[in-house]
2 protein chains.
Amino acid sequence: MKKLIVASTSTVHGSGYLAYILPTLTDFFKEVSTILFIPYARASGKTYDEYTEIARNTFATIDKEVVGIHEFDNPKEAVLQAEAIFTGGGNTFELVNQLYKNDILPDLTTAVENGTPYLGTSAGSNICGVTMMNTNDMPIVYPPSFKTLGFIPFNINAHYLDPNPDSTHMGETRETRIKEYHIFNETSVLGLREGSWLEVNGNSIVLRGNYTARLFQQNKEAVELESDKEISQYFN
Amino acid sequence: MKKLIVASTSTVHGSGYLAYILPTLTDFFKEVSTILFIPYARASGKTYDEYTEIARNTFATIDKEVVGIHEFDNPKEAVLQAEAIFTGGGNTFELVNQLYKNDILPDLTTAVENGTPYLGTSAGSNICGVTMMNTNDMPIVYPPSFKTLGFIPFNINAHYLDPNPDSTHMGETRETRIKEYHIFNETSVLGLREGSWLEVNGNSIVLRGNYTARLFQQNKEAVELESDKEISQYFN
């Protein structure tokens, strides 16, 4: 049975890496001793080693070992044999590019369908959606496709930001961008605010954290979904 | 000889469409009676007709006629025969997608090399760069390539925003995103603030407007370029 945590961000303002969600992760990974880390998104341009070290240090505090996928000769085997998987944030275009280049999308699907617990933050959450078309990231590389894993039947907009009524900046708001997306695409989009995450167990999807999440559906007004409630019924 | 105006935005806060730059455009288009408008980027999801109407109403105030490229049976011929060309802002992915779909990139190159005056704002400026890899837009469609017109030997980051020291949002700053870009790409990037534009005449490129622009070069510290100065020497 599918077991996912799909988080908007790794870090909330003023606290350490994954700190806000560490109690949840302690429980989520309770039967796991080693977590396979996928550092392909290279947050702030970190090397795979540097990025893996950050994840390693954090998970050491809850007695979990972390190994980077780049430390294996065969990344496909690494995914299939992992006890648990964590894909970190960074640039979604480069993450997706590397997932295709290393041909691990089918292996991630197999692993997750077989019940391997999967944690995503930010870019690592975007790839759980049907496509990466609602990323906020800059298209710094050209991936072979925008199609992603479809572990959930909608797309994620991570780091969701409400329009700032005081802003004098003329760039599009997040909501405007997502509305433009729905001119060309049917798939719904969930705007996950920083500090929110989804808990997925099989077909059940529950919103967690202290905030509501904003659901965008084609040809409908956006609505706010409440935390600690089942939300899968919106996607049937 | 190439004649371009490459503007960060169509509109600055608190004023009408193109109002801040209209005196400049009156001079730029002084020998022109009709402007071909390319509405493919569909700002805020407007239809081609709605978007063209906005450009038409604004240019009517300086006695220019505007025709939409979608009003022609053959968009390639429309570009080649245009007296002047204006590509408006919106979503850069969809704009580039339509430029490829309608196969007008070579015609835009021919027209501009032959001296047809070209105005771009926002997405319409991004496509003047070597690639669209520094757009801020959401990847709502998958274009066949990120390669763009290369009228200038660098890329544009339109609506450039300085980091906000008071922000508690954990999404990447614009500068962080552009630094990530330079891990994978050599081409320089010019962050153009809203209200800034480039005046291109042949090989001369002059920054205009009330702001400096921020230049990002691979493996160098970012620098501020001054307004009303030649900047082409940075790209030799």
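Residues numbered from 1 in each chain as written. Chains lettered and ligands numbered in written order. Predicted model: local features only at pLDDT ≥ 70, side-chain atom pairs only at ≥ 80, totals over all residues. Heavy atoms only, no water.

Asks: For this particular structure, what's the right way to read the pattern of salt bridges?
Replies: For side chains bearing opposite charge, pairing can occur when the charged atoms are close. All names here are of chain A. This model, assessed by the stated rule, comprises 30 salt bridges over all chains. Residue Glu224 pairs with Arg193 through a salt bridge whose shortest N-O separation is 2.9 Å. Of the two residues, Glu224 is situated in strand 11 (residues 223-225) and Arg193 in the loop between strand 7 (189-191) and strand 8 (197-201); the sequence distance between them amounts to 31 residues. Shared partners join several salt bridges into a network, and the residues in it are Asp162, Glu175, Lys179, Arg193, Arg214 and Glu224. (Salt bridge = Lys/Arg side-chain N within 4 Å of Asp/Glu carboxyl O. Helix = DSSP H or I, 4+ residues; strand = E, 2+ residues; numbered from the N terminus.)

Asks: I would appreciate a short explanation of the sheet that holds strand 2 (residues 34-38) of chain A in the present structure.
Replies: The strands making up a sheet associate through backbone hydrogen bonding, with each pair oriented either parallel or antiparallel. Residues and elements named next belong to chain A. A sheet is described by the order of its strands in space; here seven strands give the open sequence 3-2-4-5-1-8-9, paired in mixed fashion. Looking at which strands have only one partner, the edges of the open sheet turn out to be strand 3 (65-68) and strand 9 (204-208). Neighbour-to-neighbour, the strand axes of the sheet open up by a mean angle of 20°, direction not taken into account. Along the sheet, helix 2 (residues 48-60) contacts strand 2, strand 3, strand 4 (85-87) and strand 5 (118-121); its crossing angle with strand 3, the most-contacted strand, is approximately 165°. (Pairing = 2+ DSSP bridges. Axes fitted to C-alpha atoms, helices over the stretch in contact; angles between N-to-C directions. Contact = heavy atoms within 4.5 Å.)

Asks: How should I be thinking about the packing of aromatic side chains in this particular structure?
Replies: Each pair of aromatic rings is reported with the distance of its centres and the angle of its planes. Counted under the stated rule, the structure contains 28 aromatic pairs over all chains. A ring pair is formed by A:Phe93 and B:Phe146, whose centres lie 6.3 Å apart and whose planes are at 70°; its orientation type is edge-to-face. Note that A:Phe93 is positioned in helix 4 (residues 92-101) and B:Phe146 in the loop between helix 6 (123-126) and strand 6 (155-157), a pairing that runs across two chains. Exposure class is identical for A:Phe93 and B:Phe146. Each is buried. Between A:Tyr142 and B:Phe146, the aromatic rings sit 4.7 Å apart at their centres with planes inclined by 80°, giving edge-to-face as the arrangement. Residue A:Tyr142 is located in the loop between helix 6 (123-126) and strand 6 (155-157), and its partner B:Phe146 is located in the loop between helix 6 and strand 6; the two belong to separate chains. (Phe/Tyr/Trp six-rings, centres within 6.5 Å; stacked < 30°, edge-to-face > 60°. Buried < 20%, exposed > 50% of the residue type's maximum accessible area, 1.4 Å probe, protein only.)

Asks: What am I meant to see in the relation of the copies chain B and chain A here?
Replies: With an RMSD of 0.0 Å, the operation that places chain B on chain A is a rotation of 180° combined with a shift of 0.0 Å along the axis. Classification of the inter-copy transformation places it as that of a two-fold axis. Comparing interface residues between copies, 100% of those in chain B also sit at the interface in chain A, which points to an isologous, same-surface contact. (Least-squares fit on C-alpha atoms with pLDDT ≥ 70 in both.)

Asks: Honestly, the pairing of strand 2 (residues 34-38) of chain B in this entry has me stumped. Any pointers?
Replies: The side chains of a regular strand alternate between both faces of the sheet. Residue and element names in this part refer to chain B. Counted residue by residue, strand 2 has four buried out of five residues, so it is predominantly covered. Strand direction decides the pairing type here: strand 2 and strand 3 (residues 65-68), joined by four bridges, are parallel. Bridging across to strand 3, Leu36 finds its partner in Val67. One ladder, built from three bridges, connects strand 2 with strand 4 (residues 85-87); its direction is parallel. Across the sheet, Phe37 pairs through a bridge with Phe86, a residue of strand 4.

Asks: Before we go on, may I ask you to explain the sheet that holds strand 10 (residues 213-216) of chain B in this structure?
Replies: All names here are of chain B. Spatial strand order, 6-7-10-11: four strands in an open sheet with mixed pairing. Across the chains shown, the open sheet's two edge strands, defined by having one partner strand only, are strand 6 and strand 11 (223-225). Taken pair by pair, the neighbouring strands of this sheet meet at an average axis angle of 30°, ignoring direction. As judged from the three bridges shared by strand 6 and strand 7 (residues 189-191), these two strands associate in the parallel manner. Bridge pairing in strand 7 places Ile156 opposite Leu190. Where helix 7 (residues 174-184) meets the sheet, its contacts fall on strand 6, strand 7 and strand 10, and the angle it forms with strand 10 comes to roughly 30°.

Asks: Explain the environment of B:Ala43 here, please?
Replies: Among the structural elements, B:Ala43 can be located in the loop between strand 2 and helix 2 (48-60). When the C-alpha atoms of B:Ala43 and B:Gly88 are compared, they prove to be 7.8 Å apart, with 45 residues separating the residues in sequence. Those residues in contact with B:Ala43, other than ones at most four positions away along the chain, are A:Glu180, B:Tyr51, B:Gly89 and B:Gly90.

Asks: What exactly am I supposed to notice about unusual backbone geometry here?
Replies: Negative phi values dominate among residues other than glycine, just as trans dominates among peptide bonds. Residues and elements named next belong to chain A. Although it is not a glycine, His159 sits at a positive phi angle of roughly 50°. Along the chain, His159 turns up in the loop between strand 6 and helix 7 (174-184). For His159, a relative accessible area of 7% corresponds to the buried category. Even without being a glycine, Asn219 presents a positive backbone phi close to 60°. Residue placement: Asn219 occurs in the loop between strand 10 (213-216) and strand 11. Residue Asn219 is classed as exposed on the basis of its relative accessible area, which comes to 78%.

Asks: For this particular structure, what's the right way to read the side chain of A:Asn185?
Replies: Its place among the elements puts A:Asn185 in the loop between helix 7 and strand 7. Apart from the residues within four sequence positions on either side, A:Asn185 is in contact with A:Met133, A:Gln218 and B:Ile140.

Asks: Which parts of the structure should I look at to understand the environment of A:Lys30?
Replies: Residue position: A:Lys30 is located in the loop between helix 1 (22-28) and strand 2. A:Lys30 sits 34 residues away from A:Lys64 along the chain, and the two C-alpha atoms are 9.3 Å apart.

Asks: Just to check I follow, could you spell out the interface of chain B and chain A for this structure?
Replies: As a measure of interface size, the accessible area lost when the parts come together is often cited. Contacts between the two partners involve 46 residues from chain B, matched on the other side by 46 residues from chain A. Linking chain B with chain A are two salt bridges. A:Arg177 is the partner of B:Asp137 in a salt bridge, and the nearest nitrogen-oxygen pair spans 3.7 Å. Counting across the chain B and chain A interface gives 15 residue pairs in polar contact (both at pLDDT 80 or more). At the level of elements, helix 4 (92-101) and helix 7 of chain B are the ones that each hand at least two residues to the side of chain B that touches chain A. In terms of residue count, helix 7 of chain B provides more of the side of chain B that touches chain A than any other element does, eight residues in total. Partitioning the side of chain B that touches chain A into residue classes produces 19 nonpolar, 19 polar and eight charged. (Polar contact = N/O pair within 3.5 Å; in protein donor to acceptor, adjacent residues only side chain to side chain. Nonpolar A, V, L, I, M, F, W, Y, C, P; charged D, E, K, R; others polar.)

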